[in-house]
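Letter by letter, the chains look like this.
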Amino acid sequence: MLFRRFRLPLLACAAFALAAFVAIPRAHAEAKLLIDAASGKVLYADNAAYPWYPASLTKLMTLYTTLSEIKAGHVTFNTLLTVSPEAAAQQPTKMGFKVGTTVTIDNAIKMLMVKSANDMAVAIAQGVGGSIEHFADLMNANATKLGMTESHFVNPNGLPAENHYTSARDLGILARALITEFPQYDYYWHIHSIRYGNRVIHNYNKLLDRYPGADGMKTGFICASGYNLVATATRNGHRLIAIILGSWSGAARTQQAAELLERGFNSAQLSWLTPSLGTVNELAPIDAQPANLHDEMCGGHRRKPPSEDNDEADEAPATGDAANGNGQAFMLSNLKPSTKFVLGPPVDTEPPVVVFTGPADHPDAAPVATAAAKKKHRVKHAKTAKAETQSAESAKAHEKPKAKPAHPGKVAAKKKAKAKSAPTPQ
């Protein structure tokens, strides 16, 4: 490294890096951003203002728009949504409800954020905005209001569509807006799992069960965008937002986000060396087309077809120095303490949140029983009834036999004999 070769003093080396750093071509494009949730201060940025396809990170704006409409009094959490043919026809990932099924906004949001359900996103858009097009207008109006100058939305779920894009910068602004404007609904973006009937669905954000302090927010994947993640974590009252766009796999984005968060929580040791990057709103937008990673992500050269629920650590292409055989690159981040964080196995720290279809006051407002569950209940009930019958019969068998009542004729004869033998009164 240049730092070792020239043996410059630490501060001079940092200044050299800031003045003379030359970007190295990379074999795999990614964007990363780390910000302080409270102040919006940028702690790390790499391609953060580069346009990107958001995939299911779009649902953060769907959530923000829905909460805004609830706050305005236009709908409530108990407002019923109806699954339309258009909603039911959405590509997986989805809940798969039949056309005509109703669900409250509250339950739809939970399914949206945990299962990343594309059908629920459309049901919300149509139920809250009247149509997908009008809801997209509301999304774009909110983006403009928040200062998301690199974003445009045409649908509520992030499935591939022309003119649908954002950036890590804009997602950072949106994540901060959710946290600061709707702290009372913080619960929605860190639900670990949901239970629908006898089916348990875990959140695709694996940091929630594996990284200390993780408390949000959302994952996303389409071939054009790669694996995306907006992750939040809080330690000692200090909350950070890490954004990863274009990662190679679900496991890779989880690890990268963990290491980025570690960088932020441990940066106080060398904070005097960190240059001021301003706030997330001050990052200068880049006028370019969104990066399209379709061939790289879905070109057929992977061991397993990529998808939102693929969390395997598939072999990733070399990046940075490793891709170029260049060991002389120097970045200020090299002076940071190690940010390597080993994620342990998932641990269920919270019970699944129950979701259901129908109105909030519906008698079936509890885990919806599937046909298999109902059959299991009938079998269990039959076994219980049989056991109770057998127990009653067994108890009856062990009871002491009672004396049979005497025949009426015999009783009368005994009384007559007794009367004859008795002494005559004087």
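In short, a report on the structure.

The rules behind the values
- Residues numbered from 1 in each chain as written.
- Predicted model: local features only at pLDDT ≥ 70, side-chain atom pairs only at ≥ 80, totals over all residues.
- Heavy atoms only, no water.
- Helix = DSSP H or I, 4+ residues; strand = E, 2+ residues; numbered from the N terminus.
- Buried < 20%, exposed > 50% of the residue type's maximum accessible area, 1.4 Å probe, protein only.
- Contact = heavy atoms within 4.5 Å.
- Areas by Shrake-Rupley, 256 points an atom, 1.4 Å probe, with all protein chains shown as cover.
- Phe/Tyr/Trp six-rings, centres within 6.5 Å; stacked < 30°, edge-to-face > 60°.
- 1 Å grid on protein atoms, 1.4 Å probe; cavity = no way out; pocket = protein on both sides within 12 Å on 5 of 7 lines; lining within 4 Å.
- Points joined across faces, edges and corners; volume = space filled by probe spheres on them.
- Nonpolar A, V, L, I, M, F, W, Y, C, P; charged D, E, K, R; others polar.
- Axes fitted to C-alpha atoms, helices over the stretch in contact; angles between N-to-C directions.
- Left-handed = near helix turned anticlockwise from the far one by under 90°.
- Pairing = 2+ DSSP bridges.
- Salt bridge = Lys/Arg side-chain N within 4 Å of Asp/Glu carboxyl O.

### Side note on the overall build of the protein chain
No. 1: When helices and strands are counted, the protein chain shows 14 helices and 12 strands.
No. 2: Split into buried and exposed, the 426 residues of the protein chain put 46% on the buried side.
No. 3: A separation threshold of at least 6 residues defines the contact pool for the protein chain, and within that pool the share at least 24 residues apart is 70%.
No. 4: Of the accessible surface of the protein chain, which amounts to about 21,800 Å², a share of 56% is contributed by carbon and sulfur atoms.

### Details of the packing of aromatic side chains
No. 1: Taken as a whole, this structure holds 9 aromatic pairs when the rule is applied.
No. 2: Both rings, one in tyrosine 50 and one in tryptophan 52, keep their centres 6.4 Å apart while their planes meet at 70°; by these two values the pair is edge-to-face.
No. 3: For tyrosine 50, a relative accessible area of 27% corresponds to the partly exposed category.
No. 4: Overall, tryptophan 52 belongs to the buried group, its relative accessible area being 1%.
No. 5: A connected cluster of aromatic rings, assembled from ring pairs, spans Tyr64, Phe77, Phe182, Tyr185, Tyr187 and Tyr188.

### Here's the deal with the layout of surface pockets
Summary: where empty space remains is shown by rolling a probe the size of a single water molecule over the atoms.
No. 1: Here the second largest pocket is characterised by a volume of approximately 350 Å³.
No. 2: In terms of lining, the second largest pocket is formed by 23 residues, of which the most central are Leu159, Pro160, Phe221, Ile222 and Cys223.
No. 3: When the residues that make up the lining of the second largest pocket are grouped by side-chain class, the tally is 11 nonpolar, 10 polar and 2 charged.

### Some points on the packing of helix α5 (residues 105-114) against helix α6 (residues 118-129)
No. 1: Relative orientation of the contacting elements α5 and α6 amounts to 145°, with a least axis distance of 9 Å. Handedness of the α5/α6 crossing: left-handed. Touching Ile105, Ala108, Ile109, Met111 and Leu112 of α5 are Met120, Ala121, Ile124 and Val128, all from α6.
No. 2: Counted by class, the contact of α5 with α6 contains 9 nonpolar, no polar and no charged residues.

### Focus on the environment of leucine 208
No. 1: Relative to the helices and strands, leucine 208 resides in helix α9 (residues 207-210).
No. 2: Residues leucine 208 and isoleucine 191 lie 17 residues apart in sequence; the distance between their C-alpha atoms is 8.3 Å.

### Let's talk about the sheet that holds strand β8 (residues 199-202)
No. 1: Taken in spatial order, the 3 strands of this open sheet run β8-β7-β12, and their pairing is mixed. On the outer flanks of this sheet lie β8 and β12 (353-355), each paired with one strand and no other. Across the sheet, the mean angle separating the axes of adjacent strands is 30° when strand polarity is ignored.
No. 2: Here strand β7 (residues 193-196) pairs with β12 via 3 bridges, running parallel. Looking at β12, one finds that tyrosine 196 is bridged to valine 355.
No. 3: The sheet contacts of α5 involve β7, β8 and β12, and relative to β12 the element is tilted by about 120°.

### Brief notes about the pattern of salt bridges
No. 1: Inspection of every chain in the model, using the stated rule, returns 6 salt bridges.
No. 2: Measuring nitrogen to oxygen at the nearest pair gives 3.0 Å for the salt bridge that ties lysine 110 to aspartate 106. Pair noted here: lysine 110 and aspartate 106 are both in helix α5, with a separation of 4 residues, about one helical turn.
No. 3: Judged by relative accessible area, lysine 110 falls into the buried class, the value being 9%.

### Remarks on the sheet that holds strand β1 (residues 31-36)
No. 1: The 5 strands lie next to each other as β2-β1-β11-β10-β9, forming an open sheet whose pairing is antiparallel. Each edge of the sheet is formed by a strand with only one pairing partner; in this case those strands are β2 (42-46) and β9 (214-222). Pairs of neighbouring strands in the sheet enclose a mean axial angle of 5°, with direction left out of account.
No. 2: The strands that helix α10 (residues 250-266) touches are β1, β2, β9, β10 (226-235) and β11 (238-247); relative to β11, the one it contacts most, it runs at about 145°.

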